[in-house]
Amino acid sequence: MGLPDIRTFLHTRCRFRLRGGKEVFGVVWESGTQADQPLCFASIGEYERALREPQRPINTIAMPAEEILMAERLVD
């Protein structure tokens, strides 16, 4: 997909299809301002808990933009 396309899905609950064929549900966001830094991924529950309780650490996974083949927004 590439980072410019993925930016439209940042901080949004989505279903992602990954390069290995796996589908995951969660939220991605940029981990910093550097272009070479990967995206962060967390499950929807982890992400929403982090919004409610910002003092608690969040379990994230580094997600290179090249790993995401497809993203679909989930309806609330």
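Structure report, in brief. (Residues numbered from 1 in each chain as written. Predicted model: local features only at pLDDT ≥ 70, side-chain atom pairs only at ≥ 80, totals over all residues. Heavy atoms only, no water.)

Below, the discussion takes up the overall build of the chain. Helices and strands together make up the secondary structure of the chain, namely two helices and five strands. Reading the secondary structure of the chain in the N-to-C direction produces α-β-β-β-α-β-β. For a compact globule of 76 residues, the expected C-alpha radius of gyration is about 11 Å, and the chain comes in at 12 Å, within 12% of that figure. For the chain, the spread of C-alpha atoms along the three principal axes comes to 30 × 30 × 20 Å. Looking at the 76 residues of the chain, the share that counts as buried comes to 34%. Taking all contacts inside the chain whose residues are at least 6 apart in sequence as the whole, residues at least 24 apart take part in 45%. Accessible area of the chain: about 5,000 Å², with a carbon and sulfur share of 52%. The average position of the 10 basic charges and that of the 11 acidic charges among the side chains of the chain differ by 4 Å. (Helix = DSSP H or I, 4+ residues; strand = E, 2+ residues; numbered from the N terminus. Rg over C-alpha atoms; globule rule 2.2 N^0.38 Å. Buried < 20%, exposed > 50% of the residue type's maximum accessible area, 1.4 Å probe, protein only. Contact = heavy atoms within 4.5 Å. Areas by Shrake-Rupley, 256 points an atom, 1.4 Å probe, with all protein chains shown as cover. Lys, Arg positive; Asp, Glu negative; His and termini not counted. Charge placed at Lys NZ, Arg CZ, Asp CG, Glu CD.)

Another aspect to go through is the pattern of salt bridges. Under the defined criterion, the tally for this structure stands at eight salt bridges. For glutamate 23, the salt bridge goes to arginine 15, with nearest N and O atoms at 3.0 Å. Looking at glutamate 23, the relative accessible area reads 35%, which means it is partly exposed. The partner of glutamate 23 in a salt bridge is arginine 17, and the shortest N-O contact between them spans 2.8 Å. Salt bridges sharing partners connect three or more residues here, namely Arg15, Arg17, Glu23 and Glu72. (Salt bridge = Lys/Arg side-chain N within 4 Å of Asp/Glu carboxyl O.)

Here the distance between the centres and the angle between the planes together describe a pair of aromatic rings. Going through the model one piece at a time under the given rule, you end up with two aromatic pairs. Taking 6.2 Å as the distance between ring centres and 80° as the angle between the ring planes, the aromatic pair formed by phenylalanine 16 and phenylalanine 41 counts as edge-to-face. In this pair, phenylalanine 16 sits in strand β1 (residues 14-18) while phenylalanine 41 sits in strand β3 (residues 39-42), placing the two residues 25 residues apart along the sequence. Given a relative accessible area of 8%, phenylalanine 41 falls into the buried group. Between the aromatic rings of tryptophan 29 and tyrosine 47, the centroid separation amounts to 5.5 Å while the plane-to-plane angle is 40°, which identifies the pairing as tilted. Pair noted here: tryptophan 29 is in strand β2 (residues 23-30) and tyrosine 47 is in helix α2 (residues 44-52), with a separation of 18 residues, a long-range link. With a relative accessible area of 13%, tyrosine 47 lands in the buried category. (Phe/Tyr/Trp six-rings, centres within 6.5 Å; stacked < 30°, edge-to-face > 60°.)

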